[in-house]
Amino acid sequence: MIKNSVVFRLQTLPKGHSDWLMSLQVLLKGKQSIVLISAYAPTLDPEPAEKKKFYTDLHRILSDVPTKDCVAVQCDFSARVGSDSESWNGALGKHGLRKCNDNGRLLLKLCTEHSLIITNTMFQLRNKHKTTWQHPWSKHWHLLDYILEQQRDRKEVLITKIMPSAECFTDHR
């Protein structure tokens, strides 16, 4: 779904790259554009080859974006990136949560390779404004959904905050 006020700024029609990845290019001021990538990563359960294909496809899409254009990726990565901002300097802000898992390491590696920052970890917010999914048994809230942006564009992001009132069925907020 694309907001009507944005449709006239589309450079091309939205493009589906795989079952997990879609992108669209929106004209900004001047000749600059932003490439918006929407993704839904494989969970912890699938075969390693499936995850590898997802990250290979995402890497290819990011590599194809012209350097003059901005990039923003929004995704349910099913990843926990943790809070070790010193080890992942530049990719992870100082306000991550808990420990990193295998999917988190894949995401952080991708961010490092493409100079992306996980904007959800840049801002000091209450957990209810940061966490996006509640584990069904432990009832602990986790940060699994992320907004990534090129580090050079960091000043464009004023805040990344959870909006807890989705207008459709979802187990995420």
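All of these numbers come straight from a predicted model, not from anything done at the bench. (Residues numbered from 1 in each chain as written. Predicted model: local features only at pLDDT ≥ 70, side-chain atom pairs only at ≥ 80, totals over all residues. Heavy atoms only, no water.)

## Quick notes on helix α2 (residues 48–63)
And step 1. Between the first and last C-alpha of α2 there are 22 Å, a value that for 16 residues agrees with the 22 Å anticipated at 1.5 Å per step.
And step 2. Listed as buried for α2 are Lys 51, Phe 54, Tyr 55, Asp 57, Leu 58, Ile 61 and Leu 62. For α2, the arc enclosing every buried residue in end-on projection is 155 degrees, short of the 170-degree limit, so these residues lie on one face. Residues of α2 that are exposed and angled more than 90 degrees away from the buried face: Pro 48, Ala 49 and Lys 52.
And step 3. Of the surrounding elements, those touching the buried residues of α2 are β2 (21–27), β3 (33–40), β4 (70–76), α3 (102–113) and β7 (116–118). (Helix = DSSP H or I, 4+ residues; strand = E, 2+ residues; numbered from the N terminus. Expected span 1.5 Å × (residues − 1). Buried < 20%, exposed > 50% of the residue type's maximum accessible area, 1.4 Å probe, protein only. Arc of directions from axis to C-beta. Contact = heavy atoms within 4.5 Å.)

## Quick word on the sheet that holds β4
Hydrogen bonds between backbone groups are what pair the strands of a sheet, and the pairing can be parallel or antiparallel.
And step 1. On the basis of which strands lie adjacent, the open sheet formed by six strands has the order β1-β2-β3-β4-β10-β7 and mixed pairing. Sheet topology places β1 (15–16) and β7 at the edges, where each strand pairs with a single neighbour.
And step 2. The pairing of β7 with strand β10 (residues 145–150) spans three bridges and is classified as antiparallel. Its bridge partner lying in β10, Ile 117 is registered against Glu 149.
And step 3. Strand contacts of α2: β2, β3, β4 and β7, with the helix running at about 175 degrees to β3, the strand carrying the most contacts.
And step 4. Where α3 meets the sheet, it contacts β7 and β10, and its direction lies at approximately 140 degrees from that of β7. (Pairing = 2+ DSSP bridges. Axes fitted to C-alpha atoms, helices over the stretch in contact; angles between N-to-C directions.)

## Regarding the side chain of Thr 121
And step 1. Following the sequence through the fold, Thr 121 ends up in the loop between β7 and β8 (133–134).
And step 2. A distance of 2.8 Å separates the side chain of Thr 121 from the backbone oxygen of Ile 118, its partner in a polar contact.
And step 3. In this structure Thr 121 touches Val 81, Leu 92, Gly 93, Lys 94, His 95, Gly 96 and Leu 143, once residues within four positions along its chain are discounted. (Polar contact = N/O pair within 3.5 Å; in protein donor to acceptor, adjacent residues only side chain to side chain.)

## Describing unusual backbone geometry
And step 1. A positive phi angle, close to 50 degrees, is found at Arg 98, a residue other than glycine.
And step 2. Mapped onto the fold, Arg 98 is located in strand β6 (residues 97–100).
And step 3. Backbone geometry places Lys 139, a non-glycine residue, at a positive phi of 65 degrees.
And step 4. Note that Lys 139 resides in the loop between β8 and β9 (141–142).

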